[in-house]
Amino acid sequence: MALSDRIPYQAQIDRPRLTLPGGKKLAVWVILNVEEWRIENAMPRTVLSPPMGQPLLPDVPNWSWHEYGMRAGFWRQFKALTDRKMPVTLAINGNVCNSYPRVASAALEAGFEFMGHGFMQGPMHKLDNQADAIKRAVDTIAKFSGKPPRSWESPGLTETEETIDLLRLNGIEYLADWVIDDLPQDIATPHGTITTIPYSVETNDIVIHALQHLPSEQFLKRCTDQFDRLYLEGASNARIMAISIHPYITGVPHRIKYLEALLDYVIGHDGVALMTASEIGDWYRAEMARV
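If you're wondering where the values come from, they're calculated on a predicted model, not measured in any experiment. (Residues numbered from 1 in each chain as written. Predicted model: local features only at pLDDT ≥ 70, side-chain atom pairs only at ≥ 80, totals over all residues. Heavy atoms only, no water.)

(A) Examining unusual backbone geometry more closely. Here the amide bond leading from Leu57 into Pro58 is cis, since omega sits at 0°, within 30 degrees of zero. Mapped onto the fold, Pro58 is located in the loop between strand 1 (26-34) and helix 1 (60-83). Not every positive phi belongs to a glycine, and Lys85 is a case in point at roughly 55°. Note that Lys85 resides in the loop between helix 1 and strand 2 (88-92). Classification of Lys85 by relative accessible area gives exposed; the value is 71%. (Helix = DSSP H or I, 4+ residues; strand = E, 2+ residues; numbered from the N terminus. Buried < 20%, exposed > 50% of the residue type's maximum accessible area, 1.4 Å probe, protein only.)

(B) How the structure looks around the environment of Val60. Looking at where Val60 falls in the secondary structure, it is placed in helix 1. Given a relative accessible area of 43%, Val60 falls into the partly exposed group. When the C-alpha positions of Val60 and Ile197 are compared, they lie 36 Å apart, and in sequence the two are 137 residues distant.

(C) Up close: the pairing of strand 6 (residues 185-189). Here strand 6 shows one buried face, formed by Gln185, Ile187 and Thr189, and one open face, formed by Asp186 and Ala188. Strand direction decides the pairing type here: strand 6 and strand 7 (residues 192-196), joined by five bridges, are antiparallel. Residue pairing across strands places Ala188 opposite Thr193, the latter belonging to strand 7. In textbook terms, the turn of a hairpin is the stretch between consecutive antiparallel strands, and for strand 6 and strand 7 this stretch comprises two residues. (Pairing = 2+ DSSP bridges.)

(D) Seen up close, the packing of helix 7 (residues 218-233) against helix 9 (residues 256-267). Two elements in contact, helix 7 and helix 9, have axes separated by 9 Å at closest approach and are oriented at 15°. Between helix 7 and helix 9, the crossing angle belongs to the class labelled roughly parallel. The element helix 7 and its partner helix 9 pack so that their crossing is right-handed. On helix 9, the residues touching Phe219, Leu220, Cys223, Thr224, Phe227 and Asp228 of helix 7 are Tyr258, Leu259, Ala261, Leu262, Tyr265 and Val266. Partitioning the contact of helix 7 with helix 9 into residue classes produces ten nonpolar, one polar and one charged. (Axes fitted to C-alpha atoms, helices over the stretch in contact; angles between N-to-C directions. Parallel < 35°, antiparallel > 145°, perpendicular 65-115°, else oblique. Left-handed = near helix turned anticlockwise from the far one by under 90°. Contact = heavy atoms within 4.5 Å. Nonpolar A, V, L, I, M, F, W, Y, C, P; charged D, E, K, R; others polar.)

(E) Seen up close, the pattern of salt bridges. Tallied over the full model, the rule gives 16 salt bridges. For Glu233, the salt bridge identified is with Arg239, shortest N-O distance 2.9 Å. Among the residues examined, Glu233 registers a relative accessible area of 25% and is labelled partly exposed. With relative accessibility at 7%, the residue Arg239 sits in the buried group. With its nearest N and O atoms 2.7 Å apart, the salt bridge here joins Arg290 to Glu287. With Arg290 and Glu287 both in helix 10 (residues 277-290) and three residues apart, the pair spans about one turn of that helix. A single network of salt bridges, built from pairs that share partners, joins Arg150, Glu173, Asp282 and Arg285. (Salt bridge = Lys/Arg side-chain N within 4 Å of Asp/Glu carboxyl O.)

(F) Main features of the packing of aromatic side chains. Scanning the entire structure with this criterion turns up twelve aromatic pairs. Where Phe78 meets Phe112, the ring centres are 5.6 Å apart and the plane angle is 50°; that geometry is what we call tilted. One end of the pair, Phe78, is in helix 1; the other, Phe112, is in the loop between helix 3 (101-109) and strand 3 (113-116), with 34 residues separating them in the sequence. Relative to Tyr284, the ring of Trp283 lies with its centre 6.5 Å away and its plane at 55°, an arrangement referred to as tilted. (Phe/Tyr/Trp six-rings, centres within 6.5 Å; stacked < 30°, edge-to-face > 60°.)

(G) Broad picture of the UniProt feature "domain: NodB homology" (unreviewed entry) in the chain. Per the UniProt record, "domain: NodB homology" (unreviewed entry) is found at residues 69-174. Between the C-alpha atoms that bound residues 69-174 the distance is 27 Å, and the span itself is 48% helix and 11% strand. (UniProt positions renumbered as here; feature names shortened; annotations may be inferred.)

(H) Main features of helix 4 (residues 130-145). The end-to-end C-alpha distance of helix 4 is 22 Å, a good match for the 22 Å that 16 residues give at a rise of 1.5 Å each. For helix 4, every residue scored as buried is listed here: Gln130, Ala133, Ile134, Ala137, Val138, Thr140, Ile141 and Ser145. Projected down its long axis, helix 4 shows its buried positions confined to an angular sector of 165°, all on one face. Looking at the buried side of helix 4, the elements it contacts are strand 2, helix 2 (96-99), helix 3, strand 3, strand 4 (151-152) and helix 5 (163-169). For helix 4, the N-terminal capping position is held by Asn129, with its side-chain oxygen 3.4 Å away from the main-chain nitrogen of Ala131. Among the residues trailing helix 4, Gly146 stands out with phi positive, at a value near 90°. (Expected span 1.5 Å × (residues − 1). Arc of directions from axis to C-beta. Polar contact = N/O pair within 3.5 Å; in protein donor to acceptor, adjacent residues only side chain to side chain.)

This is the structure we're talking about:
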């Protein structure tokens, strides 16, 4: 069976009518991605190409680009989110609990939901032992936060044919990798159901700025355009919107005001339910049982 066959096609217009908490129109969840990039390795992403086309390790400038986010950018985003009392889903490499305990501790104290994001930053299909890496990520987060993560976002949304089964085996109930709809969908595994939570490869600061190289204000423009249409559609059936951010992208001085403006725009609408990944997943399962 092809991996895609595990997620049967559903036309959005045929989905049952679901009701968000408080009769809201649109659920918005913010995903703050915190990652560990090892300086001795090739960088997962780069902003500066190597001089004269000669790759170099250690890649000091590109490692530092990311490291700036963990040292400075994270704290701007943290303030923007906590000042507005936004629920936050923290997509965290498990080892960040060890390598950046100041970041992980602040998120824990603020009540962020810890979402598994691999053990170290790197694609799932390149791991020597995917099962071990998933277990280590789950166990490390559980030990640090006091409870195992219920939700997961694979680094780069990468999976193999066994990833979903391994995640469910390790207690993961909710998965952000499948950006297939504006509503969740269930996937059967030998270990029980895992449910997709609508994520985004477009209302995502990595894509807008690091891949498409669009100007700083385009993050605000694209996300508000996405929000407006989903809010409109939410009058007839619930919709979910993801806003995915990274400290080294929208945590920098020339972009942070656009993230702040976006958050203010979202919370300025009465019909919005601010939720985390697991809250969306729990809501969806309860609603599907009701209908």
